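A closer look at the structure
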Amino acid sequence: MTNIMRHKLLFFAFFAAFALPSYAAKPKVVAHRGYWKTEGSAQNSIRALVKADSVGCHSTEFDVWISADGGLYVNHNADINGVVIETADSAALAACRLGNGEPLPTLSAFLDTAATLKTQLVFELKPHKNPERENAAIEKIIRMVRDKGVEDRITYITFSRNAFDGFVAKGGRPVFYLNGVSPEVLKEIGGSGADYHINIFRKNPEWIGRLHSMGMPVNIWTVDSEADIQWCIDHGADYITTNEPELAMRLVEEAYQPRKLRVMTYNLRFGELADMDRLAREIKAAEPDFVAIQEVDVNTNRDLARHNNGLNYVSELAQRTGMFGHYARTLNFGRKGYYGIGILSRHPAVRVEKLELPALAAGEPRAMLEGVFEIDGKKKIVFASTHLDVKSDKTRALQAEYIVKRLAEAGLPAIIGGDFNAKPEEEAITVLRTAMDDLSDAAPTFPATGAKSKIDYLFGMPKGMVVLEKCTVPESSSAPASDHLPVVSEVEVRM
Ligand code: MG
């Protein structure tokens, strides 16, 4: 095995462990004890189950007890109207009515109705007075769930460690634990996910990312206020368990409206072919939200670009386009000048950082300028600019791997634009396309006059979250503003 191959295997193993779970997926709403805050309904009633399904709740949560004679019933409290389910027999329980007049639902009747619906089922087994009763319940439950054909739609939850272990041992999967143990302990005991009170996550918000990085989804209860629901959305909850499912679904939909952005990448050829007015005009005409720019000078004196001597290109372009400008030096140039890459952004930054890219041999230093930006004052996105090595395809592949790993770590939708110095069939581009969506088309970008090669790209991650709507590369020109053509893409971010 060559060193490069070994490096690559390590890299992909590392990346696979990182990339998948760290992004916030759109949270799913779980109706707590059914959707019961409606006319003629009651908690844990069959009516509340049907209502949760009819308004489109992803899941319905309900609570289950076993009676003295082994009957399974759906109810939250240990008793119904003073009749304690654990110590009552089925004859006594058959006479019990819910607040809305429904008979106390048997689990069998509840699941028969559920089998006709779409809603997923979050099945809570209540802690009983002794473990034997719980064990007996688990045996019956797993059999009944299988017989009713709803096995694939069930997630078990419980506060009882004995019942939790019982479900895990008997293959009743997935099993989420309700007691707020740490992510590491939850993994250790065989949990499929965490289903914790919101106060536990408010105290330990970093647990959410840790659970995700271990492949365990996060369900948060009981989240009823607008502020709490929003907190869960903002912190990447996978499930929100609530008594207000319609409010929660509306807030989730509002938070996950796709956002259109126009993104651009443009190698400016250190301003050799155009002054700042012309470059700014071209950029402004594309109406971009973000521009990745390469070959950007600051305070240089070049015979080839006299009209731009002494200028700070990013500041000049930012000022002319009304955008924010960010800059990373990759080389010193002349006595007081710099050469490097930049970002123009219509959106304010949270942080912007220069990252030096690895290389297999000494050469021109290369960097990625990476920023986290706030869109519409709340949602965050990563936008980055880069310009890869020109000499070695192996170095470019290494740099591409670094970029993919780094962008994945942010746990946010990310877009990078750049001059990758690589044609589409090259390894560096394969690395990028494996982990990201290509947000540009096949149109050649270089040289600007008589363009033949595509070496400028935009990429988005995670896959499926940044969707290309339209890519524009202008026609080759006999009097271009740079030796590269710009790439402008309209994308939809499913953020
Ligand atoms: Mg419950």
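Attention here is on the structure that accompanies the text. (Residues numbered from 1 in each chain as written. Predicted model: local features only at pLDDT ≥ 70, side-chain atom pairs only at ≥ 80, totals over all residues. Heavy atoms only, no water.)

**Concerning the overall build of the protein**
Counting its regular elements, the protein contains 15 helices and 23 strands. Projected onto its principal axes, the C-alpha positions of the protein cover 100 × 55 × 35 Å. Expressed as a percentage of the 495 residues in the protein, the buried residues total 53%. By sequence separation, contacts in the protein at least 24 residues apart represent 65% of the contacts at least 6 residues apart. Charged side chains of the protein number 58 positive and 64 negative; the gap between the two group centres comes to 3 Å. (Helix = DSSP H or I, 4+ residues; strand = E, 2+ residues; numbered from the N terminus. Buried < 20%, exposed > 50% of the residue type's maximum accessible area, 1.4 Å probe, protein only. Contact = heavy atoms within 4.5 Å. Lys, Arg positive; Asp, Glu negative; His and termini not counted. Charge placed at Lys NZ, Arg CZ, Asp CG, Glu CD.)

**Let's talk about the pattern of salt bridges**
The full count for this structure, using the stated rule, is 34 salt bridges. Glu253 serves as the salt-bridge partner of Lys26, at 3.0 Å between the closest nitrogen and oxygen. Taken together, the positions of Lys26 in the loop between helix H1 (3-19) and strand E1 (28-31) and Glu253 in helix H11 (residues 245-255) put the pair 227 residues apart, joining distant regions of the chain. The shortest N-O distance in the salt bridge between Arg396 and Glu426 comes to 2.9 Å. Note that Arg396 is positioned in helix H14 (residues 393-409) and Glu426 in the loop between strand E19 (414-419) and helix H15 (427-435), a separation of 30 residues in sequence. As far as the burial class goes, Arg396 and Glu426 line up, both buried. If you follow the salt bridges from partner to partner, you end up with Arg33, Asp63, Glu124 and Lys126 in one network. (Salt bridge = Lys/Arg side-chain N within 4 Å of Asp/Glu carboxyl O.)

**Details of the sheet that holds strand E17 (residues 367-375)**
Overall, mixed pairing links the six strands, which are arranged E16-E17-E18-E19-E21-E20 in an open sheet. Each edge of the sheet is formed by a strand with only one pairing partner; in this case those strands are strand E16 (349-356) and strand E20 (437-438). Where E16 and E17 come together, seven bridges link them in antiparallel fashion. Directly across from Glu356, in E17, lies its bridge partner Ala367. Across the sheet, H15 is in contact with E20 and strand E21 (456-461); its angle to E21 comes to roughly 30°. (Pairing = 2+ DSSP bridges. Axes fitted to C-alpha atoms, helices over the stretch in contact; angles between N-to-C directions.)

**Some details on the coordination of the magnesium ion**
Looking at the magnesium ion, one finds its protein donor set to be Glu61 (OE), Asp63 (OD) and Glu124 (OE), positioned 2.0 to 2.2 Å from the metal centre. Binding-site remark: the magnesium ion is held by donors from one chain whose sequence spacing is E-x1-D-x60-E. A residue pair is termed long-range when its members are at least 10 positions apart, and Asp63 in strand E2 (residues 59-66) and Glu124 in strand E6 (residues 120-125) qualify at 61 residues. (Donors = N, O, S within 2.8 Å, 3.2 Å for Na, K, Ca; no water.)

**Considerations on the packing of helix H10 (residues 226-234) against H11**
At a minimum axis distance of 10 Å, the contact between H10 and H11 shows a crossing angle of 45°. Our classification of the angle between H10 and H11 gives oblique. Crossing hand, H10 versus H11: right-handed. Residues Glu226, Ile229, Gln230 and Ile233 of H10 pack against Leu247, Ala248, Leu251, Val252 and Ala255 of H11. Its residues assigned to classes, the contact of H10 with H11 comprises seven nonpolar, one polar and one charged. (Parallel < 35°, antiparallel > 145°, perpendicular 65-115°, else oblique. Left-handed = near helix turned anticlockwise from the far one by under 90°. Nonpolar A, V, L, I, M, F, W, Y, C, P; charged D, E, K, R; others polar.)

**Some thoughts on the side chain of Thr60**
Along the polypeptide, Thr60 turns up in strand E2. A residue is classified by how much of its surface remains accessible, and Thr60, at 0% relative accessible area, is buried. Excluding residues within four positions of it along the chain, Thr60 makes contact with Val30, Ala31, Gly34, Leu49, Ala52, Thr119, Gln120, Leu121 and Val122.

**So, helix H4 (residues 107-114)**
All of the buried residues along H4 are Leu107, Phe110, Leu111, Thr113 and Ala114. Taken around the axis of H4, the buried residues stretch over an arc of 155°, which confines them to a single face. Close packing links the buried residues of H4 with helix H2 (46-54), E2, strand E3 (72-74), E6 and helix H5 (131-147). (Arc of directions from axis to C-beta.)

**With respect to H14**
Along its 17 residues, H14 runs 25 Å from first to last C-alpha, staying within 8% of the 24 Å computed at 1.5 Å per residue. For H14, the tally of buried residues reaches twelve of 17 residues, placing the bulk of the element in the interior. Buried residues of H14: Thr395, Arg396, Ala397, Leu398, Gln399, Ala400, Glu401, Ile403, Val404, Arg406, Leu407 and Ala408, and no others. For H14, the N-terminal capping position is held by Ser392, with its side-chain oxygen 3.2 Å away from the main-chain nitrogen of Lys394. Looking one or two residues past H14, Gly411 carries a phi angle of roughly 65°, positive in sign. (Expected span 1.5 Å × (residues − 1). Polar contact = N/O pair within 3.5 Å; in protein donor to acceptor, adjacent residues only side chain to side chain.)

Any link to function would need more than the numbers given here.
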